[in-house]
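Here is what each chain is made of, one letter per residue.
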Amino acid sequence: MTACTARVSRPHPGRTPAVPSASVAALAVVGVVLQLALLAATSAASVASPTWLLPDTSGIDGQLTETLNVDRFFGLWLVFNDETLSLSDKPFTILAPVNSAEPPQAEPGAMRRLLLDHVVLGKQLDLDIGADLRFATLGGHTVKVQNHNGTLTANGARVLKARVEVPRGILVTLDNYLFTPPSEEGSTSSSTTPGPPSLEAAATATTAPKANASTATPAAAAAAATTADADTVPPALPTAAAHVAPAEPKPLSGFLRDVTEVLSFLKSGTRVFQHLLSRAQHNVSRMLADDGQYTLLVPTDLAFQRWHPIDWGFYPFSVAEFSESVVVNHFLKSDLRADDLKDGQVALSLEGREVVFARKPNLTVNGVQVVGGDTPVAHGNILLINEVLFVTEEVVARLHENNRDKETPPLLAFPWIGAQFLSHAFLALEEAGKGFVHATRFLNMADLAPHVPGTGYTFFVPTDEAFERLGLGSADDSYLATGAGLDLLLNHFVAKRLYARDLQNGSSFTTLGNKTVAVSRKHGSIFINNARVVKSEVFVYNLGTMFYIDHVLFGEDGLPPRDHQGSSSAGPFHVTTEIPDEVETIPVELNLESADKNIQDDDPDREPTTSGPDSAPKTVEDP
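What you are looking at is a predicted structure, and each value in this text was computed from that prediction instead of being measured. (Residues numbered from 1 in each chain as written. Predicted model: local features only at pLDDT ≥ 70, side-chain atom pairs only at ≥ 80, totals over all residues. Heavy atoms only, no water.)

Describing empty space enclosed by the protein
Next up, step 1: Taken as a whole and assessed by the stated rule, the structure comprises six cavities of 30 Å³ or more.
Next up, step 2: Together, 13 residues line the largest cavity, and Arg134, Phe135, Asn283, Glu324 and Glu351 are the ones closest to its centre.
Next up, step 3: A breakdown of the residues in the lining of the largest cavity according to their chemical character gives five nonpolar, three polar and five charged. (1 Å grid on protein atoms, 1.4 Å probe; cavity = no way out; pocket = protein on both sides within 12 Å on 5 of 7 lines; lining within 4 Å. Points joined across faces, edges and corners; volume = space filled by probe spheres on them. Nonpolar A, V, L, I, M, F, W, Y, C, P; charged D, E, K, R; others polar.)

Quick word on the packing of aromatic side chains
The relative placement of two aromatic rings is captured by the distance of their centres and the angle of their planes.
Next up, step 1: Taken as a whole and judged by the stated rule, the model has 15 aromatic pairs.
Next up, step 2: A ring pair is formed by phenylalanine 255 and tyrosine 294, whose centres lie 5.6 Å apart and whose planes are at 45°; its orientation type is tilted. Of this pair, phenylalanine 255 sits in helix H7 (residues 254-264) while tyrosine 294 sits in strand S12 (residues 294-299), and the two are 39 residues apart along the sequence. Side by side, phenylalanine 255 and tyrosine 294 carry an identical accessibility label, which is buried.
Next up, step 3: Aromatic side chains phenylalanine 304 and phenylalanine 317 sit 5.1 Å apart centroid to centroid with 70° between the ring planes, which places their arrangement in the edge-to-face category. Of this pair, phenylalanine 304 sits in helix H9 (residues 301-305) while phenylalanine 317 sits in the loop between H9 and helix H10 (320-328), and the two are 13 residues apart along the sequence. (Phe/Tyr/Trp six-rings, centres within 6.5 Å; stacked < 30°, edge-to-face > 60°. Helix = DSSP H or I, 4+ residues; strand = E, 2+ residues; numbered from the N terminus. Buried < 20%, exposed > 50% of the residue type's maximum accessible area, 1.4 Å probe, protein only.)

Some points on the environment of glycine 418
Next up, step 1: Relative to the elements of secondary structure, glycine 418 occurs in the loop between helix H11 (393-401) and helix H12 (420-432).
Next up, step 2: Through-space distance from the C-alpha of glycine 418 to that of alanine 449 is 7.2 Å; in sequence the pair is 31 residues apart.

A short note on the packing of helix H8 (residues 271-287) against H10
The description of two packed helices rests on the angle between their axes and on the distance between the axes.
Next up, step 1: Taken N-terminus to C-terminus, the directions of H8 and H10 make an angle of 75°; their axes are 9 Å apart at the nearest point. Between H8 and H10, the angle is such that the two are roughly perpendicular. Between H8, through Phe273, Leu276, Leu277, Arg279, Ala280, Asn283, Val284 and Met287, and H10, the contact on the second element is made entirely by Ser323, Glu324, Val327 and Val328.
Next up, step 2: Residues belonging to the contact of H8 with H10 are distributed by class as follows: eight nonpolar, two polar and two charged. (Axes fitted to C-alpha atoms, helices over the stretch in contact; angles between N-to-C directions. Parallel < 35°, antiparallel > 145°, perpendicular 65-115°, else oblique. Contact = heavy atoms within 4.5 Å.)

Description of the confidence of the model for the protein chain
Next up, step 1: Mean pLDDT for the protein chain: 73, with 69% of residues reaching 70 or above.
Next up, step 2: Within the model, pLDDT remains below 50 along residues 1-49, and this stretch shows 112 contacts once partners closer than five positions in the same chain are excluded.
Next up, step 3: Counting interchain partners and residues more than four positions distant, the pLDDT-below-50 stretch residues 566-584 has 50 contacts. (pLDDT = per-residue confidence, 0-100.)

With respect to the pattern of salt bridges
Next up, step 1: A full pass over the atoms with the stated rule returns 13 salt bridges.
Next up, step 2: Arginine 337 is the partner of aspartate 335 in a salt bridge, and the nearest nitrogen-oxygen pair spans 2.9 Å.
Next up, step 3: On the basis of relative accessibility, which here comes to 26%, the residue arginine 337 falls in the partly exposed class.
Next up, step 4: The partner of glutamate 407 in a salt bridge is arginine 404, with the nearest N and O atoms 3.8 Å apart.
Next up, step 5: For glutamate 407, a relative accessible area of 11% gives the class buried.
Next up, step 6: Using a relative accessible area of 35% as the deciding quantity, one classes arginine 404 as partly exposed.
Next up, step 7: Connected through salt bridges with shared partners, the residues Arg306, Glu387 and Glu393 form a single ionic network. (Salt bridge = Lys/Arg side-chain N within 4 Å of Asp/Glu carboxyl O.)

Things to note about the sheet that holds strand S13 (residues 331-332)
Next up, step 1: Spatially, S13-S12-S18-S17-S16-S15-S14 is the arrangement adopted by the seven strands of the open sheet, whose pairing is mixed. Only two strands of the sheet have a single neighbouring strand rather than two, namely S13 and strand S14 (346-348).
Next up, step 2: Note: S14 against strand S15 (residues 354-358), three bridges, orientation antiparallel. What sits directly across from alanine 347, in S15, is valine 355.
Next up, step 3: The strands touched by H7 are S12, S13, strand S17 (368-377) and strand S18 (380-385); relative to S12, the strand with the most contacts, the crossing angle is about 35°. (Pairing = 2+ DSSP bridges.)

Some words on the nonpolar core
Next up, step 1: Of all hydrophobic cores here, the largest spans 50 residues; its most connected members are Phe421, Leu448, Val452, Phe493, Ile528 and Met546.
Next up, step 2: The element that contributes the greatest number of residues to this core is H12, accounting for five residues.
Next up, step 3: In this structure methionine 546 touches Ala425, Ala428, Leu429, Phe459, Val461, Ser536, Glu537, Val538 and Val540, once residues within four positions along its chain are discounted.
Next up, step 4: Listed in part, the 47 residues of the second largest apolar core include Leu54, Met111, Leu115 and Val119. (Core = buried A, V, L, I, M, F, W, Y, C linked by side-chain atoms within 4.5 Å.)

Some details on the sheet that holds strand S9 (residues 169-174)
Next up, step 1: Strand order in this open sheet of seven strands is S4-S3-S9-S8-S7-S6-S5, and the pairing throughout is mixed. Two strands in the sheet have a free side with no partner beyond their single neighbour: strand S4 (119-121) and strand S5 (133-136). Neighbour to neighbour, the strand axes of the sheet diverge by 30° on average, direction disregarded.
Next up, step 2: Here strand S8 (residues 157-166) runs beside S9; their pairing, made up of five bridges, is antiparallel. Bridge pairing links lysine 161 to threonine 173 in S9.

Set out below in structure tokens:
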């Protein structure tokens with residue numbers, strides 16, 4: 001893990017390094033430290049050494065970490081440099097305490113586990129969605145994020161910056177550490193909450209390796225010397241062991257088993273909640289005691305209908321972390337019966353959120369009406385409610401702002417009814433106006449629709465300056481409409497929805513014009529061949545993505561003559577209505593006006609499809 005720019009920040013006077021004998025200056029060198037970690041791991045790896053699966057932070061600039069005041073935290077990664085490292089290309093979220101947070105004193109094994117408990121691998125989390133969240137770290141523990149009147153905290157630490165985008169991931173800055181290091185005997189702090197092992201790693205018991213003096217840096221050697229005679233490292237260390245099976249999921253608790261069975265008998269009315277509960281089932285089950293007594297508040301389908309876009313728009317429950325948090329907070333920690341509830345009685349959800357019951361004029365919870373009476377089960381009770389708790393217009397607006405890629409589009413009959421991505425991209429560029437005059441006039445005349453049908457594309461859009469650099473500013477609107485000119489346009493499309501995290505150094509993609517574009521990252525910028533990305537991730541609803549670039553791709557290969565004629569030589573095309581992997585269709589029970597009479601009420605996961613130009617896409621992104 002290297003950083004693009006290595007910078008040494010001024011040491012804090014009087015501050016003690018987290019790793020004994022390691023200098024403060026050494027801990028502050030982000031790029032150098034992480035690069036040495038890789039080199040040491042490569043040369044010192046042995047059969048007995050565990051393989052640590054870590055995020056690839058090579059795109060994080062040292063200048064940025066210093067500006068954010070978290071360079072000291074990144075310096076602590078020095079403790080990994082006597083281990084075998086394996087870097088994941090998955091997206092990540094790193095929760096980094098600022099330099100003023102006192103680094104805890106710990107031996108290297110405990111420090112490694114502490115650092116892993118500040119990393120989430122496989123997700124770019126959005127903490128600032130206005131709702132409480134829970135997620136598991138790479139170290140296998142749980143972080144609980146709460147919003148107190150606009151102030152975010154994570155395990156009690158205040159969130160200073162909730163979302164700083166970096167290549168492949170997100171940085172979150174905190175005013176303190178999330179956990180205290182486990183003791184050398186392996187017992188964890190009382191502040192930690194046991195969580196599931198990361199999906200990116202297997203939890204295994206391993207023997208602590210000794211530092212290799214020939215390869216470790218002086219600081220690392222000094223740190224490793226403190227534990228050279230240690231017997232073992234406590235179990236449950238996340239590693240990249242390829243053949244270790246993950247732990248078996250916990251069986252459903254008694255209460256969850258009861259409510260799942262009861263809700264499954266209902267033909268209608270609670271289908272959306274069942275759908276969301278099935279996705280959150282694993283984490284909910286971990287939070288319920290096998291012999292516990294609980295109450296589940298189940299919003300009706302009409303309650304969710306309020307948040308469903310009428311024809312197109314944003315469906316908040318397409319955001320996985322948000323929908324799971326909503327489900328969890330509808331479980332209350334006691335067995336409550338409607339007739340016994342008192343006016344003003346307070347109960348707590350599984351995540352500690354308060355709900356208040358009132359009896360006049362009707363039974364309500366947080367102002368939401370309780371529909372009907374009790375549905376007792378062996379381990380508690382079920383109550384139906386007519387609104388979804390903890391979801392407000394303000395929360396959904398913030399959620400929407402940070403998840404534009406999950407918004408469903410209106411059906412366009414123009415310019416190309418069978419090419420929804422192309423149509424919406426064209427209109428977005430046309431609306432942008434200045435900067436894309438040439439792109440829109442060439443697109444308008446080109447016969448692109450048969451080659452870019454349906455959805456699920458990436459469009460690398462040259463700016464006006466890029467076209468003018470090739471002398472195309474005065475070219476006729478139809479110059480790129482057919483033949484070699486059309487091929488030139490098609491070489492700016494990829495038949496896959498890409499995000500910035502997918503544009504990794506050395507990756508390549510085949511264009512619709514059957515050429516290959518190569519991705520490189522230099523000095524903090526992303527390049528597609530020789531074209532620099534000047535604006536990244538311009539979302540075209542949930543249909544695809546645009547990236548604005550400052551050169552015309554393959555323009556240096558030669559341009560067709562101004563009077564060229566002929567057919568496109570692009571390869572065969574096929575009509576596709578495939579939605580990207582992260583797209584989930586709206587549960588069919590929400591599509592109250594569906595004309596499909598063949599959809600059965602007992603199939604909650606049936607997905608409506610777009611079968612042709614006359615069918616409007618009724619989809620949202622998959623959590």
